[in-house]
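As a plain string of letters, each chain reads:
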Amino acid sequence: MTLRSTLRYVLGRLGGAAILLVVYSFGIYSLLALAPGDPVRLLLGNLPATPETMDAIRVRYNLDDPFFVQYWNWLTDALHLDLGQSVLTGQDVSSAILERAGVTVQLGLLTFLITMALGIPLGMVAGLRRGRFADRVVSQLAMFSVSAPSFAVGILLIIVFAGQLNWLPSIGAGEGGADRLRHLILPAVALSTATIALVVRYTRTAVIEVAGQDYIIAARARGVKPSRLLFNYVLRNSLVPVITAAGVVLSFVMVGAVVVEATFALPGLGSLLVSAVQQKDLPIVQGVTLVIAAAVFLINLVTDLAYLAVDPRIAVDGASR
Amino acid sequence: MTEHASRLLDVAGLTIGVRTGGEQRILVDGVDLHLDLGETIGIVGESGSGKSLSVRSLLQLLPAGFTATGAAQLSGVNVLTASERDMRRVRGRQASMILQDPFTMLNPLMRVGRHLEEVLREKPEYRAMSKPERRAEVQRRLEEVGITDPGVARRYPFQLSGGMRQRVGIAATLATDPALIIADEPTTALDAVTQQEILELLISIQRQRRMSMIMITHDLRVAFAACDRVYVMYAGAMMEAGPSDELSRSPRHPYTLGLLASEPPLDRRLARLPVIQGELPSVRDQQVGCRFAERCEWATPDCTQERVRLAPIGDDRSSACLRVDEIGRELAARFETVEHGAVEAAHQDLSAPVIVALEGVSKTYGHGNGAVAALEDVSLTIRQGQAVALVGESGSGKTTLGRCLVGLESVSRGTAEVFGIDITRGAKLPRSDVRTWRSKVQYVFQDPYSSLNPRMTIGQTLAEAGRQAALVGDAPVLSVEEVLERVGLRAQYAARRPSALSGGERQRVAIGRALALNPELLICDEPVSALDVSVQAQVLNLLNDIRRETGIALLFITHDLAVVRQVADTVYVLEKGRVVETGSAQVLDSPSSGYTKQLLEAVPRTSSDWLGKRSQMGKA
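Quick caveat: nothing in here was measured; it's all calculated off a predicted structure.

With respect to the overall build of chain A
Part 1 of the reasoning: A tally of helices and strands in chain A yields 13 helices and zero strands.
Part 2 of the reasoning: Ordered by position in the sequence, the α and β elements of chain A form the string α-α-α-α-α-α-α-α-α-α-α-α-α.
Part 3 of the reasoning: Summarising its shape, the C-alpha atoms of chain A cover approximately 85 × 60 × 35 Å along the three principal directions.
Part 4 of the reasoning: Sorting the 321 residues of chain A into buried and exposed places 34% on the buried side.
Part 5 of the reasoning: Long-range contacts, defined here as pairs at least 24 residues apart, represent 72% of the contacts in chain A between residues at least 6 apart.

Observations regarding the overall build of chain B
Part 1 of the reasoning: Of regular secondary structure, chain B possesses 21 helices and 22 strands.
Part 2 of the reasoning: The C-alpha radius of gyration computed for chain B amounts to 26 Å, which stays within 12% of the reference 25 Å derived for 620 residues, consistent with globular compactness.
Part 3 of the reasoning: By its C-alpha atoms, chain B is 75 × 65 × 50 Å across when sized along the principal axes.
Part 4 of the reasoning: Residues counted as buried form 47% of the 620 residues belonging to chain B.
Part 5 of the reasoning: Residue pairs in contact within chain B that sit at least 24 positions apart in sequence constitute 69% of those at least 6 positions apart.

A look at the interface of chain B and chain A
Accessible area lost upon the coming together of the parts serves often as the stated size of an interface.
Part 1 of the reasoning: At the interface, 26 residues of chain B touch 19 residues of chain A.
Part 2 of the reasoning: No other element matches helix H6 (residues 162-174) of chain B, which puts three residues into the side of chain B that touches chain A.
Part 3 of the reasoning: For the side of chain B that touches chain A, a count of residues per class yields 13 nonpolar, seven polar and six charged.

Focus on helix H5 (residues 131-144) of chain B
Residue and element names in this part refer to chain B.
Part 1 of the reasoning: Helix length check: H5 (14 residues) gives 20 Å between terminal C-alpha atoms against 20 Å at 1.5 Å per residue, within 8%.
Part 2 of the reasoning: Those residues of H5 that fall on the buried side of the exposure criterion are Val138, Arg141 and Leu142. Down the axis of H5, the buried set is contained in an arc of 105 degrees. They therefore lie on one face. Seen from the buried face of H5, the exposed residues on the opposite side, beyond 90 degrees, are Pro132, Glu133 and Arg140.
Part 3 of the reasoning: Check the buried side of H5 and you find it contacts helix H3 (112-120) and H6.
Part 4 of the reasoning: Positioned one or two residues after H5, Gly146 has a phi angle of 85 degrees, which is positive.

Re the pairing of strand E22 (residues 578-584) of chain B
Residue and element names in this part refer to chain B.
Part 1 of the reasoning: Two strands pair when backbone bridges link them, and strand E21 (residues 570-575) and E22 are joined in this way by six bridges, in the antiparallel orientation. Within E22, the residue paired with Val573 across the bridge is Glu581.
Part 2 of the reasoning: Between E21 and E22, which pair antiparallel and follow one another directly, the connecting turn spans two residues, one of which, Lys576, has a positive phi of 45 degrees.

Description of the sheet that holds strand E17 (residues 421-422) of chain B
Residues and elements named next belong to chain B.
Part 1 of the reasoning: The antiparallel open sheet is built from four strands, whose spatial order is E14-E13-E16-E17. Looking at the sheet topology across the chains shown, the edges are occupied by strand E14 (372-383) and E17.
Part 2 of the reasoning: Here helix H13 (residues 398-405) sits on the sheet and contacts strand E13 (354-365), E14 and strand E16 (413-418); the angle it forms with E14, its principal contact strand, is near 60 degrees.

Notes on the domain arrangement of chain A
Residue and element names in this part refer to chain A.
Part 1 of the reasoning: Taken domain by domain, chain A holds domain 1 (3-79) and domain 2 (93-320).
Part 2 of the reasoning: One C-alpha centre belongs to domain 1, the other to domain 2; they are set 31 Å apart.
Part 3 of the reasoning: Taken together, the residues that form the side of domain 1 that touches domain 2 break down as 15 nonpolar, three polar and one charged.

Observations concerning the pairing of strand E2 (residues 23-36) of chain B
All names here are of chain B.
Part 1 of the reasoning: As defined by bridge partners, strand E1 (residues 7-20) adjoins E2 across ten bridges and the pair is classed as antiparallel. Paired with Arg7 across the two strands is Asp36, which belongs to E2.
Part 2 of the reasoning: What sits between E1 and E2 in their antiparallel hairpin is a turn of two residues, with Gly21 showing a positive phi close to 55 degrees.

Considering the nonpolar core
Part 1 of the reasoning: Grouped together as the largest cluster of nonpolar side chains are 246 residues, with contacts concentrated most on Leu554 and Phe556 of chain B.
Part 2 of the reasoning: Per-element accounting of this core gives the leading share, 17 residues, to helix H8 (residues 177-211) of chain A.
Part 3 of the reasoning: If near-sequence neighbours (up to four positions away) are discounted, Leu554 of chain B is found in contact with Ala387, Val388, Leu522, Cys524, Leu543, Arg547 and Val567 of chain B.

A few points about unusual backbone geometry
Across residues other than glycine, the phi torsion is negative in most instances, and most of the peptide bonds are trans.
All names here are of chain B.
Part 1 of the reasoning: Here Asp177, not a glycine, exhibits a phi torsion of approximately 50 degrees, which is positive.
Part 2 of the reasoning: For Glu185, which is not glycine, the phi torsion reads 50 degrees and is therefore positive.
Part 3 of the reasoning: Its place among the elements puts Glu185 in the loop between strand E7 (180-184) and helix H7 (192-209).
Part 4 of the reasoning: Residue Glu185 is classed as partly exposed on the basis of its 18 C-beta neighbours within 10 Å.

Describing the packing of helix H5 (residues 93-128) of chain A against helix H12 (residues 282-310) of chain A
Residues and elements named next belong to chain A.
Part 1 of the reasoning: Close contact between H5 and H12 brings their axes to 10 Å; oriented N to C, the two are set at 55 degrees. One finds that H5 runs oblique with respect to H12. Two packed elements cross with a definite hand, and for H5 against H12 that hand is right-handed. When H5 is examined against H12, the residues Val93, Ser94, Ala96 and Ile97 are found in contact with a partner set consisting of Pro283, Ile284, Gly287, Val288 and Val291.

What to know about the sheet that holds strand E3 (residues 40-44) of chain B
All names here are of chain B.
Part 1 of the reasoning: Read from one edge to the other, the open sheet built from eight strands follows the order E6-E7-E8-E3-E9-E10-E12-E11, with strand pairing classed as mixed. At either end of the open sheet lies a strand with only one pairing partner, and these are strand E6 (95-98) and strand E11 (311-314). Each adjacent strand pair in this sheet contributes to an overall mean axis angle of 20 degrees, direction not counted.
Part 2 of the reasoning: Where strand E9 (residues 229-234) and strand E10 (residues 237-243) come together, six bridges link them in antiparallel fashion. In the strand pairing of E10, Tyr231 is matched with Ala241.
Part 3 of the reasoning: Sheet strands in contact with helix H1 (residues 51-58) are E3, E6, E7, strand E8 (212-217) and E9, and its direction is about 150 degrees off that of E8.

Considerations on the confidence of the model for chain B
Residue and element names in this part refer to chain B.
Part 1 of the reasoning: Within chain B, residue pLDDT values average 87, and 96% of them lie at 70 or more.
Part 2 of the reasoning: This stretch, residues 613-620, has a pLDDT under 50; its non-local contacts, to residues over four places away or in other chains, come to six contacts.
Part 3 of the reasoning: In the model output, the complex is listed with pTM 0.83 alongside ipTM 0.81.

Some words on the packing of helix H6 (residues 133-146) of chain A against H8 of chain A
All names here are of chain A.
Part 1 of the reasoning: Interaxial distance between H6 and H8 falls to 8 Å at its minimum, and their mutual angle equals 140 degrees. The angle between H6 and H8 falls in the class oblique. Here the hand of the crossing between H6 and H8 comes out left-handed. Between H6 and H8, the contacting residues are Val138, Ala142, Ser145 and Val146 on the first element and Thr193, Ala194, Ile196, Ala197, Leu198, Val200 and Arg201 on the second.

What to know about the environment of Val354 of chain B
Residue and element names in this part refer to chain B.
Part 1 of the reasoning: Counting through the fold element by element, Val354 comes out in strand E13.
Part 2 of the reasoning: Linking Val354 and Glu417, residues 63 residues apart in sequence, is a C-alpha distance of 9.6 Å.
Part 3 of the reasoning: Here Val354 is in contact with Thr381 and Arg383, once residues within four sequence places are set aside.

Some words on the environment of Gln305 of chain B
Part 1 of the reasoning: Position of Gln305 of chain B among the secondary structure elements: in helix H11 (residues 301-305).
Part 2 of the reasoning: On the neighbour-count criterion, Gln305 of chain B (13 C-beta atoms within 10 Å) is partly exposed.

What counts and what doesn't
Residues numbered from 1 in each chain as written. Chains lettered and ligands numbered in written order. Predicted model: local features only at pLDDT ≥ 70, side-chain atom pairs only at ≥ 80, totals over all residues. Helix = DSSP H or I, 4+ residues; strand = E, 2+ residues; numbered from the N terminus. Buried ≥ 20, exposed ≤ 12 C-beta atoms within 10 Å, placed from the backbone. Contact = placed C-beta atoms within 7 Å. Rg over C-alpha atoms; globule rule 2.2 N^0.38 Å. Nonpolar A, V, L, I, M, F, W, Y, C, P; charged D, E, K, R; others polar. Expected span 1.5 Å × (residues − 1). Arc of directions from axis to C-beta. Pairing = 2+ DSSP bridges. Axes fitted to C-alpha atoms, helices over the stretch in contact; angles between N-to-C directions. Domains from an automatic or database assignment. Core = buried A, V, L, I, M, F, W, Y, C linked by C-beta atoms within 7 Å. Parallel < 35°, antiparallel > 145°, perpendicular 65-115°, else oblique. Left-handed = near helix turned anticlockwise from the far one by under 90°. pLDDT = per-residue confidence, 0-100.

Structure, rendered in structure tokens:
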């Protein structure tokens with residue numbers, strides 16, 4: 001594929017994602033109108049509900065304008081990275097998000113690494129040893145871990161590794177660097193139990209499918225070395241579905257972080273969202289949701305670009321579409 | 001054949017079984033065969049004969065759960081019992097394999113050149129080369145298989161045509177310089193012209209390198225033309241073996257005779273194609289007796305009770321038929337009548353009303369510069385009761401044309417009337433016209449395995465079609481039983497599901513489903529190309545019978561000129577979307593277009609001169 005068609009493809013996908021994001025933002029903004037009770041009272045926060053304060057809120061949030069005008073104002077502000085202020089602390093939503101995003105991104109990446117580093121090899125073993133002992137063990141474990149909720153796993157990990165064994169810290173995000181890593185290990189493991197199972201299943205299915213293909217038999221017949229067969233034939237050809245799984249994993253991590261951060265008291269986007277929901281701090285809820293949505297869209301775009309890199313056939317089809 | 005040739009491969013009593021649900025099933029039963037250095041043998045059989053399994057077991061490449069017993073010595077190694085470690089020295093160096101489907105035989109994510117490099121690297125002399133030398137070596141090996149464009153090594157398999165891919169597959173297979181090459185249906189998925197080229201290539205390389213070759217094929221003509229000796233397998237057992245020219249002239253087993261007879265001749269139209277009665281038996285436990293007995297007209301009770309095995313009958317020939325001595329004369333006499341069977345002239349009524357009239361029809365896909373023309377300026381007429389054949393290779397547009405006639409594709413330009421309905425209007429047609437169109441024209445697809453709904457019984461499928469017919473309501477609706485009878489199936493089939501049926505039976509059901517709507521035109525898109533020869537003959541006879549009984553018109557879409565000869569009154573030859581030749585079936589006797597001549601030349605013929613010309617030119 002030429003550079004130009006790749007570029008056109010990427011721009012097309014970005015444009016599509018932008019349109020979807022606008023649609024999505026409309027839904028998010030509508031939360032304000034859909035939430036039970038008067039939006040004015042919702043936006044008052046801790047302020048006393050006097051006629052003056054209520055008028056001030058109405059003016060500041062343009063609540064007397066028609067709904068679409070309100071939305072338009074909010075959207076244009078959001079495009080300038082102004083997501084409003086927290087009704088409780090008065091802090092800018094965008095700076096609150098920036099402050100908390102670091103922990104969540106680190107947690108997400110660590111979870112992703114653990115998931116892929118364990119999920120792909122286990123899935124390959126299960127696929128190549130289909131129906132044998134190793135496959136049955138791996139498949140049963142995957143079944144078990146996918147059905148274990150991550151907060152429950154988190155609590156179990158805290159009891160065992162932080163409480164009983166006292167190997168790792170149970171709460172907080174630590175001081176950065178190695179300490180940060182120590183603090184993130186348990187949450188990441190808790191979060192990856194379900195995602196590993198997903199990757200194992202995708203990989204296993206893909207490997208079984210690929211291992212039965214003619215080109216594997218032909219390659220064996222002409223004496224291609226087993227190691228090349230494993231990596232250049234089986235693994236590479238299994239990658240496309242595995243990349244799909246990787247995209248799902250990343251998206252899932254963004255959402256799953258909400259629960260796990262609360263369990264481990266991590267100051268990330270997830271716990272920010274949870275506390276904002278509890279305290280009815282609507283601008284924060286809107287802002288965090290929008291950021292998470294944008295991240296998920298971005299992950300999907302990167303996933304699709306990864307297909308291009310892995311499979312030359314998709315490169316041509318995708319670009320000519 | 002050389003007189004003191006040494007033995008390369010000796011197989012005795014090869015038996016392959018598979019364990020499914022705690023039950024052992026025997027798929028290959030006591031196969032004996034041998035191969036000398038520099039010799040080419042063919043293993044011929046229909047699906048289920050066990051020919052592919054037999055050769056795969058020689059490289060220990062059977063699917064999981066399959067076990068092979070017996071003895072198979074390949075250059076002194078017992079390849080059935082050798083360890084995986086020893087097999088790694090056998091695979092590639094001693095024997096290598098080319099598979100049927102060029103579209104799935106190469107790693108889709110690896111460039112062509114890499115396929116060669118990765119096995120060449122095993123050779124010390126290649127490792128000693130410099131980078132440019134290595135590139136030249138890959139290039140040299142691609143040139144050996146007729147790829148002269150140096151850019152091909154950098155391309156991915158999906159960027160090449162089927163024929164090119166098969167050439168690359170052959171080059172990769174040869175890169176290890178094996179003593180034996182196993183070609184498992186190497187040309188089945190290719191067009192006739194490409195098939196001829198690939199076979200010629202294989203044979204010339206085999207001669208130049210003095211390799212041995214085992215060619216697996218379902219096509220007796222291909223085997224006779226390409227191989228020194230031919231083995232015939234049926235239902236997991238060896239039926240007959242012998243030198244190609246003798247086997248093709250005087251079969252010594254009723255099954256071989258049946259196979260030869262079912263092959264439709266290219267040069268004349270038979271009133272009726274000879275068929276082998278019945279269908280392939282389902283696989284059972286190890287059984288004593290001849291597996292062909294229940295379909296054999298010469299079978300006696302002994303045939304099912306005595307142990308049968310391939311036995312020498314002199315002149316380097318062997319047969320597994322117990323009665324070979326008794327019935328030899330009868331077989332010869334029958335073969336004589338087959339070779340000179342009752343010939344029927346193509347007959348058609350050119351005054352019958354026109355039911356399909358296409359004038360300057362074009363079909364393009366895409367827009368602007370990327371537009372691809374599938375059909376260009378095609379004019380075609382079908383009259384009531386006429387059998388028209390649409391002939392061409394893949395990509396000729398023949399299927400697109402058929403699909404346009406039933407509305408699965410739309411016509412881009414030109415005029416097209418079907419039963420007086422202007423089908424170019426497509427979605428703008430009134431409902432009543434669409435109904436008439438749909439009921440008068442019916443379609444039979446190529447693949448009987450995917451064209452029937454697996455969840456519905458045959459009865460449900462046929463009844464559903466009948467309800468469609470009732471909607472139009474101007475013709476008497478056929479009952480499920482009537483439809484089954486018309487396509488030669490017993491009434492019990494109504495309760496079965498497609499999975500319980502063989503390929504031939506499914507295609508009968510698909511034809512029945514089309515007939516249930518009482519159509520006046522039946523479009524058959526390669527209806528027999530997925531079927532075995534013996535079943536193909538049955539289905540062709542069925543279609544001819546139906547035509548005779550109901551006066552239905554047929555549009556027969558096919559790449560197979562011998563099939564055309566058996567069914568068509570009028571022939572249209574398509575090349576790249578254009579009609580290059582048209583006329584009565586006599587077109588096949590005296591073609592005027594160079595393309596038609598090329599197609600005729602490419603139809604496999606038993607005699608070795610079919611492949612001989614080009615490879616001999618190569619030698620001179």
